[in-house]
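Structural overview for review
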Amino acid sequence: MEAALSALTANALRGGVHDLGFARLDTDRAVRTGDAEVVYGAGKTPDQLVAIVHALRTAHDDRPVLVTRVTAAGLDALRAAFPGLTDDERASCVMVGDAPAPVGRVAVVSAGTSDGPVAAEAAFVARASGAEVTRYEDVGVAGIHRLLQIKAELDDHDCLVVVAGMEGALPSVVGGLTGVPLVAVPTSVGYGTAFQGLTALFAMLNSCAPGVAVCNIDNGFGAGLFAARVARRAGGNR
């Protein structure tokens, strides 16, 4: 298996694109954007995941390969192929290689425990992308005193990721308490009229608090990477 992967990778190197037949990997993305291509694990077979990660590690062994939305079978295959990887089953994420030294600080703030998987994905991605990450869980507006207790700590970060389902009010409240750049993530958590996250999404898009940007429903990956980029720029200028 290892010899076949090495041969496949060697034959695939073509001007910033690794053509594996079933995937064309963008190995120049890190040069263009500062962040290497990330592997979306859902829908890929375990063998495909292993081959993709092997190719990306070969292309740039100085930075980790990040895989999101990993299935149980995919995780088993990656653990067997890459001993010592870092994974978080709640986040459904894997990192092959060491995380870079952190620059800048990100806080991931989640409304309820049920929002945890999306918040965990955001935190994992932000750390793998080079930011220091702090988690604040279960501080939703139904018990707003919990949020007020950490207000000063939130101010000491370069970017916030605020994750909420139900009515999606938490980002607006946080945005009214601090001037730290904030990206909101609606989750598909909630009863019927939550409409699988649409209610929270619309609430965040219609926030009257300035400085709130919004990611797609359950998109912890997008929020984590955005926050890491903000934090890296801000932290590097301290």
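Structure: see above.
First, a word on what this report is: a plain description of the structure on this page. (Residues numbered from 1 in each chain as written. Predicted model: local features only at pLDDT ≥ 70, side-chain atom pairs only at ≥ 80, totals over all residues. Heavy atoms only, no water.)

Bringing the pairing of strand β11 (residues 182-186) into the picture now. For β11, a buried count of 5 out of 5 residues is recorded, marking the element as mostly surrounded by other parts of the structure. Relative to β11, strand β10 (residues 159-164) is paired through 5 bridges, and the arrangement is parallel. Bridge pairing in β11 places Val162 opposite Ala184. For the crossover from β10 across helix α8 (residues 170-177) to β11, the handedness is right-handed. As paired elements, β11 and strand β12 (residues 212-214) share 3 bridges and run parallel to each other. By the bridge assignment for β12, Ala184 is matched with Val214. Taken together, β11, helix α9 (residues 198-205) and β12 constitute a β-α-β crossover, and its handedness is right-handed. (Buried < 20%, exposed > 50% of the residue type's maximum accessible area, 1.4 Å probe, protein only. Helix = DSSP H or I, 4+ residues; strand = E, 2+ residues; numbered from the N terminus. Pairing = 2+ DSSP bridges. Right-handed = clockwise from strand over helix to strand, strands pointing away.)

So, about a nonpolar patch on the surface. A grouping of Phe195, Leu198, Phe202 and Leu205 is seen on the molecular surface, where their side chains present a nonpolar patch of about 400 Å² in accessible area. Mapped onto the secondary structure, Leu205 falls in helix α9. (Patch = residues over 30% accessible without salt bridge, like charges linked within 9 Å, V, L, I, M, F, W, Y side chains within 5 Å. Areas by Shrake-Rupley, 256 points an atom, 1.4 Å probe, with all protein chains shown as cover. Salt bridge = Lys/Arg side-chain N within 4 Å of Asp/Glu carboxyl O.)

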